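Next come the chains, spelled out residue by residue.
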Amino acid sequence: MNNPTEQEPLLRPTANNAKFSGGIRKRALNLHVGLALGVLFIIYLAWPSKEQPPHFPKMPAHIPFIGGPTWTPQENQTAWGVHGAVASDLEMCSQLGVEILKKGGFAADAAVTTCLCIGATNTMYSSGIGGGAFITSSRAGHGVPISIDAREMAPAGAHKDMYNGNEQASQFGGLAVGIPGELKGLYELHKLHGSGAVGWDDLIMPVVEVLESGWEVSELLGMAISIYGPYFHKHKNDWPFLFDHGRLLKKGDIMKRPALAKTLRLVAQNGSAAIFYDPDGPIAPHLARKAQQMGGVLTPEDFPKYEAVVEPALVMHNFSDRNLDIYTSSGASSGLALISGLKIINGFEPSPGKDFSKTETHRLVETMKWLASVRSHLGDVGVHNKNETAHQSRNDRYAHLVSDEWCSATTAKISDNETFPWTFYEPAYQPNEPQGTSHLSVLDEHQNAVSLTTTVNLLFGSLVHDPVTGIILNDEMDDFSIPTTKNVFGLQPSVYNYAEPYKRPLSSTAPTIVVDRETGKVDLVIGAAGGSRITTAVLQALVRTYSYGMGLLETVAYPRLHHQLLPETLFIEEPVSQEFVHAMEELGHSVELISHQTAMNGIGVHDGKIAAQSDYWRKLGRGACY
């Protein structure tokens, strides 16, 4: 591999050829000028960017408005196979993942390639190596599935009040950027659950080849680019790959990303993710410099502090009358809130109710409200926090919220006849949404499975792109609570989720794997994108599949519900009947009809066949099988 300093002029040491001449007066003048310039340079680096943020679109960053849910999904949108499957937002990336399976890779290996692909090509606005991920992975014969928390971490310069009076700085610009974690998480996944038959470089180079040869801009990416057209034109030197002879690319054009291809090639040749986190390497200094230029506090020294947290996945046993095992993510995700919600709704006696029936829906919505309350009690302590009391307090709080006693008592509090004001649900809000996500599911012929949710948060993350490395940086700091202020998803601040150095912001993600205890085989791999709506979408998917007996096609395509406690509104995707709306209003719910707000990709097993179901109706996704 060539020396990075030979390729990157900014990494070369500058030779000091300056020579002083003249008398004492000239030397003194030079000294004063030098000091003045040094002070100005320091002020320049420390001075927040005055760049005005663009107008943020009122749409999910992960799903520009094309299509929507349907009651009549086309069956030809399901991919079927017998050996393995990948369900992602892009058919091209799903197919790249399947090719890894065909070469002897396991689900973990295919997930790496698919994840890198969706983050680099037509859904780059919602994910990528400048962001983070949560991964739930199961390897047959290797015990309990694992959770990998590859969520971004706050830099050393972060603190609780860093956005007071300047809340938009958590969404746009360098101050919104957390230390990226996705690449470290993907390497841990490959190392721990990979097959060993394919190398790290084998997983990355197919994506490099796509970026170098180019691909056709999709309708979704073309729309996403046009939303921020004026901003990109103003900063075209930072976003050169979006232009062709001064014109922004649009649907049908060919896009290439040579800078990102070069970076991924370096990572592939390195044999691990270490080169990405090297404070003196060819990547971290550039990312830190660009974030600082845009007003941020990220430094190269923050990068080696990053750790992906690997631990046993959270589990709920005996879900539904099939006694299934539900595994989901731990860490700074909302997996624990999902487990709590599943236990609450599992406490009801089975009834003949069905999807969108009055009583069953009301119970589901009330469970969503309790799930939102549980989520408000969650929050990261920090991998570098040595305060044992803080860690023990968090562990005790988490154990209580998923205990059988608490969940059973909560089920008993749900009335079939009415809903209640938000205070009834006992949230940990202080009386103050992650959005650009993408999900993929993988299952291989050996019964290895991966459920992975990846994000850079809002549309194109922080809108900070480093043209040297080709990386779009996240704005995940918006997922921390800002005192007295709601975040972009309308989530109230939680007292457990304030920013601190090297702490991770709370995420709504809950990538999930369902295992049939009787057979020991994977039954479903599921997850969603959609900010604060992710956890309720996954909850509803599991209820639809295992309580209502719905197929995966209908589970993904049909309209969904969402309630996050505050605002006190039941959101329902259209189309729905006015009769159903009135039924919910009679129970005391304030209803708002909305367009689609989530996207879901899943894999199910039916009669020995594997079905890959991407959310074509909301995000034009397609799975692939073989």
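Reading the values: rules and limits
Residues numbered from 1 in each chain as written. Predicted model: local features only at pLDDT ≥ 70, side-chain atom pairs only at ≥ 80, totals over all residues. Heavy atoms only, no water. Helix = DSSP H or I, 4+ residues; strand = E, 2+ residues; numbered from the N terminus. Buried < 20%, exposed > 50% of the residue type's maximum accessible area, 1.4 Å probe, protein only. Areas by Shrake-Rupley, 256 points an atom, 1.4 Å probe, with all protein chains shown as cover. Salt bridge = Lys/Arg side-chain N within 4 Å of Asp/Glu carboxyl O. Core = buried A, V, L, I, M, F, W, Y, C linked by side-chain atoms within 4.5 Å. Contact = heavy atoms within 4.5 Å. UniProt positions renumbered as here; feature names shortened; annotations may be inferred. Polar contact = N/O pair within 3.5 Å; in protein donor to acceptor, adjacent residues only side chain to side chain. Axes fitted to C-alpha atoms, helices over the stretch in contact; angles between N-to-C directions. Parallel < 35°, antiparallel > 145°, perpendicular 65-115°, else oblique. Left-handed = near helix turned anticlockwise from the far one by under 90°. Nonpolar A, V, L, I, M, F, W, Y, C, P; charged D, E, K, R; others polar. Pairing = 2+ DSSP bridges. Disulfide = S-S within 2.5 Å. Phe/Tyr/Trp six-rings, centres within 6.5 Å; stacked < 30°, edge-to-face > 60°. Lys NZ or Arg CZ within 6 Å of the ring centre and 35° of its normal.

Colleague: I would appreciate a short explanation of the overall build of the protein in the present structure.
Modeller: Scanning the protein from terminus to terminus reveals 18 helices and 23 strands. Counting across all 626 residues of the protein, residues that qualify as buried make up 63%. Carbon and sulfur atoms provide 52% of the accessible area of the protein, an area that totals close to 23700 Å².

Colleague: I would appreciate a short explanation of the pattern of salt bridges in the present structure.
Modeller: Pairing is possible between side chains of opposite charge, provided their charged atoms come close. Applying the stated criterion to the full structure yields 23 salt bridges. For Arg-322, the salt bridge identified is with Asp-516, shortest N-O distance 3.1 Å. Given the relative accessible area of 37%, Arg-322 is considered partly exposed. Note that Arg-363 is salt-bridged to Asp-416, the shortest N-O span being 2.9 Å. Of this pair, Arg-363 sits in helix 12 (residues 358–376) while Asp-416 sits in the loop between helix 14 (404–413) and strand 12 (436–443), and the two are 53 residues apart along the sequence. Classification of Arg-363 as buried rests on a relative accessible area of 13%. One network of salt bridges, in which partners are shared, links Arg-151, Glu-152, Glu-476 and Asp-479.

Colleague: Please explain the nonpolar core as it appears in this structure.
Modeller: Nonpolar side chains in soluble globular proteins tend to be buried together. Among the nonpolar cores identified, the biggest contains 90 residues, and Phe-232, Met-255, Leu-452 and Phe-460 are the most heavily contacted of them. Counting residues per element, this core draws most heavily on helix 4 (residues 107–120), which supplies 10 residues. If we ignore the near neighbours within four places in the chain, the residues touching Leu-452 are Ala-111, Cys-115, Ala-133, Phe-134, Ile-135, Leu-186, Leu-189, Ser-438, His-439, Leu-440 and Pro-511. With 65 residues, the next largest nonpolar core counts Phe-348, Phe-356, Phe-420 and Leu-565 among its residues.

Colleague: Explain the UniProt feature "binding site: L-glutamate" (unreviewed entry) in the protein to me, please; I cannot follow it from the model alone.
Modeller: Taking the numbering used here, the UniProt-annotated feature "binding site: L-glutamate" (unreviewed entry) corresponds to Arg-151, Thr-455, Val-456, Asn-457, Asp-479, Ser-507, Ser-508 and Gly-531. Structurally, the position occupied by Arg-151 is in the loop between strand 4 (146–150) and helix 5 (182–193). A relative accessible area of 1% places Arg-151 in the buried class. Apart from residues no more than four positions distant in its own chain, Arg-151 is found in contact with Ala-133, Phe-134, Tyr-306, Thr-455, Glu-476, Asp-479, Arg-504, Pro-505, Leu-506 and Ser-507. A distance of 2.9 Å separates the side chain of Arg-151 from the backbone oxygen of Pro-505, its partner in a polar contact.

Colleague: Hey, could you run me through the environment of Val-177 in this one?
Modeller: Assignment of secondary structure puts Val-177 in the loop between strand 4 and helix 5. A sequence separation of 22 residues divides Val-177 from Pro-155, and the C-alpha atoms of the two residues are 8.3 Å apart. Leaving out residues up to four positions away in the same chain, Val-177 has contacts with Pro-155, Leu-298, Ser-462, Leu-473, Asn-474 and Met-477.

Colleague: Explain the packing of helix 11 (residues 335–346) against helix 14 here, please?
Modeller: Two numbers describe a pair of packed helices, the interaxial angle and the distance between the axes. Where helix 11 meets helix 14, the axes come as close as 8 Å, and the angle between the chain directions of the two elements is 55 degrees. With respect to helix 14, the axis of helix 11 lies oblique. Seen along the crossing, helix 11 lies across helix 14 with a hand that is right-handed. Two secondary-structure elements touch here, helix 11 through Ser-340, Lys-343 and Ile-344 and helix 14 through Asp-404, Trp-406, Cys-407, Thr-410 and Thr-411. The residue inventory of the contact of helix 11 with helix 14, partitioned by class, reads 3 nonpolar, 3 polar and 2 charged.

Colleague: What's the story with the sheet that holds strand 18 (residues 561–562) in this structure? I'm lost.
Modeller: Within a sheet, neighbouring strands are paired by backbone hydrogen bonds and run either parallel or antiparallel to one another. Pairing within the open sheet is mixed, and its 3 strands lie in the order 18-19-20. Across the chains shown, the open sheet's two edge strands, defined by having one partner strand only, are strand 18 and strand 20 (591–594). Pairing between strand 18 and strand 19 (residues 570–573): 2 bridges, direction antiparallel. Counted as the bridge partner of Leu-561 is Ile-572 from strand 19. The strands touched by helix 17 (residues 578–586) within the sheet are strand 18, strand 19 and strand 20, with strand 20 carrying the most contacts at an inclination of about 150 degrees.

Colleague: What should I look at first to understand unusual backbone geometry in this one?
Modeller: With the exception of glycine, the majority of residues adopt a negative phi angle, and the majority of peptide bonds are in the trans configuration. Along the chain, Leu-566 connects to Pro-567 via a cis peptide bond; the corresponding omega equals 0 degrees. The peptide bond linking Glu-574 to Pro-575 adopts the cis configuration, its omega dihedral lying at 5 degrees. Although it is not a glycine, Phe-460 sits at a positive phi angle of roughly 55 degrees. In this fold, Phe-460 is placed in the loop between strand 13 (449–457) and strand 14 (464–466). One non-glycine residue with positive phi stands out, namely Leu-620, at about 60 degrees.

Colleague: Help me understand the sheet that holds strand 22 (residues 609–613) in this model?
Modeller: With antiparallel pairing, the 7 strands of this open sheet are ordered in space as 1-22-21-17-16-11-10. Strands with a single pairing partner mark the edges of an open sheet, and in this sheet they are strand 1 (79–81) and strand 10 (314–319). Averaged over all adjacent pairs, the angle separating strand axes in this sheet is 15 degrees, with direction ignored. Here strand 17 (residues 521–529) runs beside strand 21 (residues 599–606); their pairing, made up of 6 bridges, is antiparallel.

Colleague: What am I meant to see in the pairing of strand 22 here?
Modeller: On a regular strand, each side chain points to the face opposite its neighbour's, so the side chains alternate between the two faces of the sheet. The element strand 22 is extensively covered by neighbouring structure, given that 4 of its 5 residues are classed as buried. Across 3 bridges, the pairing between strand 1 and strand 22 is antiparallel. Bridge pairing links Ala-79 to Ala-612 in strand 22. Pairing between strand 21 and strand 22: 5 bridges, direction antiparallel. Opposite Gly-604, over in strand 22, you have Ala-611 as the bridge partner.

Colleague: So what exactly am I meant to see when it comes to the state of the cysteines here?
Modeller: Think of a disulfide as a covalent bridge from one cysteine sulfur atom to another cysteine sulfur atom. Taken as a whole and judged by the stated rule, the model has 1 disulfide. The disulfide that involves Cys-93 links it to Cys-117, with 2.0 Å between the sulfurs. One quick way to see it: the torsion about the S-S bond of Cys-93 and Cys-117 is about -70 degrees, and its sign makes the bridge left-handed. One end of the pair, Cys-93, is in helix 3 (residues 91–102); the other, Cys-117, is in helix 4, and 24 residues separate them in sequence.

Colleague: So what exactly am I meant to see when it comes to the packing of aromatic side chains here?
Modeller: Two measures describe an aromatic ring pair: the distance that separates the ring centres and the angle between the ring planes. Summed over all chains, the structure comprises 23 aromatic pairs. When the ring of Phe-319 is compared with that of Tyr-546, the centres are 6.5 Å apart and the planes differ by 90 degrees; the resulting orientation is edge-to-face. The class for Phe-319 is buried, based on a relative accessible area of 1%. Among the aromatic residues, those joined into a cluster by ring pairs are Tyr-125, Phe-172, Tyr-228, Tyr-231, Phe-232, Trp-239, Phe-241 and Phe-460. If you follow Lys-160 out to its NZ or CZ, it ends over the ring of Tyr-498, 4.7 Å from the centre. Sitting over the ring of Tyr-496, Arg-397 keeps its end group 3.7 Å from the ring centre.

Colleague: How do you make sense of the packing of helix 3 against helix 6 (residues 200–213) when you look at a structure like this?
Modeller: Packing of helix 3 against helix 6 brings their axes to within 11 Å, and their N-to-C directions diverge by 145 degrees. As helix 3 runs across helix 6, the sense of the crossing is right-handed. Residues Met-92, Leu-96 and Ile-100 of helix 3 form the contact with helix 6, whose own contacting residues are Asp-202, Leu-203, Pro-206 and Val-210. Across the contact of helix 3 with helix 6, the residue classes break down as 6 nonpolar, no polar and 1 charged.

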